[in-house]
Structure formats: structure tokens, C-alpha cells
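# Reading the structure
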Amino acid sequence: MKVVLIEPRPTEANVYSKIHMPLLGPVYLGTILKARGHDVTIINENIGVPDYSKLEADLVGISILTSTAKRGYEIAKKFPKEKVIIGGVHASLLPDEAIGYARQVVVGEAEEVIADVVEGRLTEPIVKGKPVQDLDSLPQPDFSLILDYKRTILSPISTSRGCPFDCSFCSVTKMFGREYRFRSAQNVMREIEARNEFSLFFCDDNFTANPKRTRELLSFMLEKKVNRWSCQVRCDVTKDESLLNLMAESGCRMVCVGFESINAKTLQKYDKKQTIEDIIKSIKLFHRKKIKIHGMFVLGSDDDNAMTVWDTLAFAIKQRIDTIQMSILTPFPGTKVHENLEKEKRIFSRDWSLYDGQHIVFNPKLLSAKDLQLAVVRAYTDFYSLSNSLSLILRLHVRNAAMRLMGYRIIKQWVIRNKNMHWLLQTQSV
């Protein structure tokens, strides 16, 4: 059977599109189907958009995030409905919506049911996937299935699923559950050796969640001289000095850390289980080990006011965070934030293409939607300014300067594409 799996591009400009990494879900599913003898092609629209009128396929699978759902539905309408299957995080959260565009929707993890769906043994409209308990049983993902795929700056690799923290704005636990599941260190190393990538990005929500397994994996990496990698962690990893040392020794170049806020009340509301003191201490310890920090903040909680954005910017500059991500609080379906804002009738847009963390879609409590949107854009512009980039070059921080320059170009493009911001007028009609 000729199967085409599609990762749609965001409809709106995305601030972080320049560092796009392919979703691993379609690659895992494509690898499983290929092993069963199917002819599989993966189309990643961030790499290229084909002429769908000329695309030949017996079955089309579309994996959607909330921000790509609108585009995903547009693609689905280009094919006969009986040929289309939709999955991914957004479809798992709103299967009744997604089924309007497909013959079937797969909810949750699809690896253990995808062959039965494709080969017609599971025929119900909404198919519930099964959490993969033994992650070592998954095949090594075959990235060659992606049409025109080239190695990126950061090559994604997943070593675990699930997260017990259940932050109020996050949809991860709705997709993967609140219990961690891990691949063994040996299994991960076999994949690393087979892929032979220049630079790896561990896309686990918390790479160091199992310190014992992480130590074992990092020891393998140190032995094999895998000397350039990055990951997502919580700031509490710095409380384990020996683990932090091993991260640095084995080649960790950058960590993406969900600091989320420098407002103590907001941290409590987000259920982050960390303090501002924890954040400051972790930054110092990461930098002491020469590990760069991509600090991620979420702005717009009910305790954030007009100064919170500027306080966050000042904090990032003072603490010398290398790069920042200032997301606007987004009420993703299925989250506590969405439930609360929906009850209070404060969500003014359900255009899913705006649910990318860069557009405001609800009315904050302590400032207007317009003020929050513009403040975030201006703060980004200040942080990723040409003058800041030049200053880094003069101080011989070339890599940081390059990242700031890339950020400058992305922000400039985003502002041009969104200069009218007509959608903000909707805030007046709530």
C-alpha cells in the first residue's frame, strides 16, 4: 500500500521556525509501516510543500499540533475522506473535531495500533492508541523516509515519554500520561551510533528525569565521544552536582529550561514546583559548567501585569541567559488553563493557527490583550537587537552572536507578516 504521512507547516509565521526539527511521531509510524512492506513517504511541509493534486497515495496520514491543525484540515480536504487518517496531539485532544476531516482519528500513541488501522483490522472512526510500555521495542526511526530531508543543526532523539509534573498550561500529560517511561541507555546508544549525527537534541520533556539511567547513558556517550548535544531539563537538575558535571564532560552544549516565570505567584499558579531562587542558582551553575541556556518563559497569567514582560527581559539580560523564548500563555485544549479561561469566557479566538505561543488568543486579567502582545514583540526586539549581537561579537561570543542574529531576522519577519494584527480587534467583541 502507498502510504503518505504529512507533518503540516504552521499557517502563521512561527518565531522558532528556523530551528525546526521533524516530529518524531510520523517517523516512527512510517518506519513501522515500511517494515510491514508498505511504500511509505513522509512529507514535512517545513521542508517543502508538494502539489497535492498530483500526489498518489492509497492512504494519507496527517499528524497535527494545535498550531498546525488548521493547515492539517486544509490538506485533508484535498483528498477523499475515506483515504485520510488524522492523529497527533491536537486530534487526540479534540477527536470529535478532527473526525470531520478524516475516515479515522487515532487518539494518543499510535505505534501499537497503526498497522491495524492502515491494514483495515481496526475500523471504528475514533481509535484509541495504546501507551508503549516498552520503549525499547520501538524501531530506530528512519529519517530517510522524509522527502528531501537533510541533517539539521539539531537532530531529534527521544529517550522517554510522560511527565509527572502536569503544569497547568501544558498538554504533554494528556498525550503521554503522568508516568515516566524510559528507553534503556543501551538502546539509546545503539540509535546514536547508527545515526552518526553531528549534533543531537534530546527532545524528552525532562531528559534527566531518571538520574541513574541518565548517568549510564552519559557515560556511554563520554566513552563513544558523542561531544555535541543539547536537551530539555528542569532547573532542579543543577542540584545534582555529579550529574551536572557528567553532562558537561559528555558534551552538553545547551539546555532548554522551562523557567516559565519570575513572578512567584505565577510559578505557583503554573504548578511549576520551583522558586525564583532555584532559577537564579541553576543559571549560575549551568554557566559555571559552560553550558549555554535557552530560557523559556510563559507570559500572561492572571498575576502578570504590564511590567512583567519588561521585568522578565531585564532578568534575562542581568542573568546573561544566552537565548530566550517568551511565549504568550496559550490555552491549549485539554489543559487546566483552557478549562479555566473557557469557564470565564475569556478566550476570544479559536483560530488554531494562532495557538503557537506567539499570538494572544484570550483576555488577560491585569492588562489588555493588545498590550501583552505588543510588549512581548518589543521585548523580543530588544533582546535580539543588532546592537546586542554586535556587543557579543566584540566580546568574542561568536556562537551567541549568531543565535541573536538569527533571532533578529526571525522577529523582523514575524513583525512584517503580522503587522496589521487584525485579529486583535476581536478582543473588543468578547
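Preceding block: the structure.
Predicted model only: the values in this text are computed from it and were never measured. (Residues numbered from 1 in each chain as written. Predicted model: local features only at pLDDT ≥ 70, side-chain atom pairs only at ≥ 80, totals over all residues. Heavy atoms only, no water.)

### Some thoughts on the nonpolar core
Test applied: Put simply, buried Ala, Val, Leu, Ile, Met, Phe, Trp, Tyr and Cys residues joined by side-chain atoms within 4.5 Å make one nonpolar core. Using a 1.4 Å probe on the protein chains alone, a residue whose accessible area is under 20% of its type maximum counts as buried, one over 50% counts as exposed, and one in between counts as partly exposed. Segments assigned H or I by DSSP are reported as helices when at least four residues long, segments assigned E as strands when at least two residues long, and all are numbered from the N terminus. Note on definitions: a residue-residue contact is assigned when non-hydrogen atoms from the two residues lie within 4.5 Å.
The biggest cluster of nonpolar side chains holds 87 residues, and the ones touching the most others in it are Ile86, Phe202, Trp229 and Val255. Broken down by element, the residue count for this core peaks at 7 residues, all from helix H14 (residues 369-383). If near-sequence neighbours (up to four positions away) are discounted, Phe202 is found in contact with Ile157, Thr159, Val188, Ile192, Phe207, Leu217, Met221, Trp229, Ser230, Cys231 and Gln232. Counting residues in hydrophobic clusters, the runner-up holds 26 residues, among them Leu5, Leu33, Val127 and Leu145.

### Topic: unusual backbone geometry
Generally, phi is negative for residues other than glycine and the peptide bonds are trans, each holding for most cases. Backbone geometry at Glu260 places phi at a positive 70 degrees, although glycine is not the residue there. With respect to the element layout, Glu260 can be found in strand S12 (residues 252-260). Its identity is not glycine, yet Arg320 carries a phi of approximately 60 degrees, on the positive side. Secondary-structure assignment places Arg320 in the loop between helix H12 (308-318) and strand S14 (323-328). Residue classification places Arg320 among the exposed positions, given a relative accessible area of 62%.

### Regarding the packing of helix H7 (residues 185-195) against helix H8 (residues 211-224)
To keep things clear, this is the line we draw: Axis lines are fitted to C-alpha atoms, over the contacting stretch for helices. Their N-to-C directions set the angle, which ranges from 0 to 180 degrees. The handedness criterion is simple: a crossing whose near helix is rotated anticlockwise from the far helix by less than a right angle is left-handed, and one whose near helix is rotated clockwise is right-handed. All residues other than Ala, Val, Leu, Ile, Met, Phe, Trp, Tyr, Cys, Pro, Asp, Glu, Lys and Arg, Gly among them, are scored as polar; the first ten of these are nonpolar and the last four charged.
At a closest axis distance of 9 Å, the pairing of H7 and H8 adopts a crossing angle of 35 degrees. In this structure, the crossing between H7 and H8 has a hand that is right-handed. Residue-level inspection shows Ala185, Gln186, Val188, Met189, Ile192 and Glu193 of H7 in contact with H8, the latter providing Arg213, Glu216, Leu217, Phe220, Met221 and Lys224. Here the contact of H7 with H8 is composed, by residue class, of 7 nonpolar, 1 polar and 4 charged.

### A look at the environment of Leu23
By the element assignment, Leu23 lies in the loop between strand S1 (2-7) and helix H1 (24-35). Separated by 16 residues in sequence, Leu23 and Glu7 place their C-alpha atoms 7.4 Å apart. Once residues within four sequence positions are removed from consideration, Leu23 is found in contact with Glu7, Ser63 and Leu65.

### Side note on the sheet that holds S14
The cut-off we apply is this: Paired strands, as defined in this entry, are two strands with at least two bridges between them according to DSSP.
Pairing is parallel in the open sheet, where 6 strands are placed in the order S7-S10-S11-S12-S13-S14. Whereas interior strands pair on both sides, the edge strands pair on one side only; in this sheet they are strand S7 (155-157) and S14. Looking at each pair of strands side by side, their axes are set apart by 20 degrees on average, direction ignored. Where S7 lies against strand S10 (residues 200-202), 3 bridges are found, and the strand directions are parallel. Directly across from Pro156, in S10, lies its bridge partner Phe201. Running over the sheet, H7 touches S7 and S10 and is turned about 160 degrees from S7.

### Observations regarding the environment of Thr335
Residue placement: Thr335 occurs in the loop between S14 and helix H13 (336-343). Taking C-alpha positions, Thr335 is 9.5 Å from Leu93, a pair spaced 242 residues apart along the chain.

### Remarks on the packing of aromatic side chains
Both the distance between ring centres and the angle between the ring planes are used here to describe each pair of aromatic rings. The line we're drawing: Stacked, tilted and edge-to-face pairs are distinguished by plane angle, under 30 degrees for stacked and over 60 for edge-to-face with tilted covering the rest, among Phe, Tyr and Trp rings (Trp via its six-membered ring) whose centres lie within 6.5 Å. Two limits define a charge over a ring: the Lys NZ or Arg CZ must be within 6 Å of the ring centre, and within 35 degrees of the ring normal.
Scanning the entire structure with this criterion turns up 11 aromatic pairs. Here a set of aromatic residues connected by ring pairs shows up, and it is made of Phe202, Phe207 and Trp229. Over the aromatic face of Tyr28 sits the side chain of Arg161, whose NZ or CZ is 5.9 Å from the ring centroid.

### Concerning H8
The condition that has to hold: An expected span of 1.5 Å times one less than the residue number is assigned to each helix.
The end-to-end C-alpha separation of H8 is 20 Å, in line with the 20 Å expected for 14 residues at 1.5 Å each. Buried residues along H8 sit in contact with strand S9 (181-182), H7, S10, strand S11 (229-233) and helix H9 (241-249). Just downstream of H8, Lys225 is the residue with a positive phi angle, here 60 degrees.

### Things to note about the sheet that holds S1
On the basis of which strands lie adjacent, the open sheet formed by 6 strands has the order S2-S1-S3-S4-S5-S6 and parallel pairing. Pairing within the sheet leaves two strands with one partner each, and these edge strands are strand S2 (39-44) and strand S6 (126-128). Sheet twist, expressed as the mean angle between neighbouring strand axes with direction ignored, is 20 degrees. Both strand S4 (residues 84-87) and strand S5 (residues 104-107) contribute to a ladder of 2 bridges, which runs parallel. Looking across to S5, one finds that Ile85 is bridged to Gln104. Packed on one face of the sheet, H1 meets S1, S2 and strand S3 (59-63) and runs near 165 degrees to S2.

Just geometry here; none of it tells us what the structure is for.
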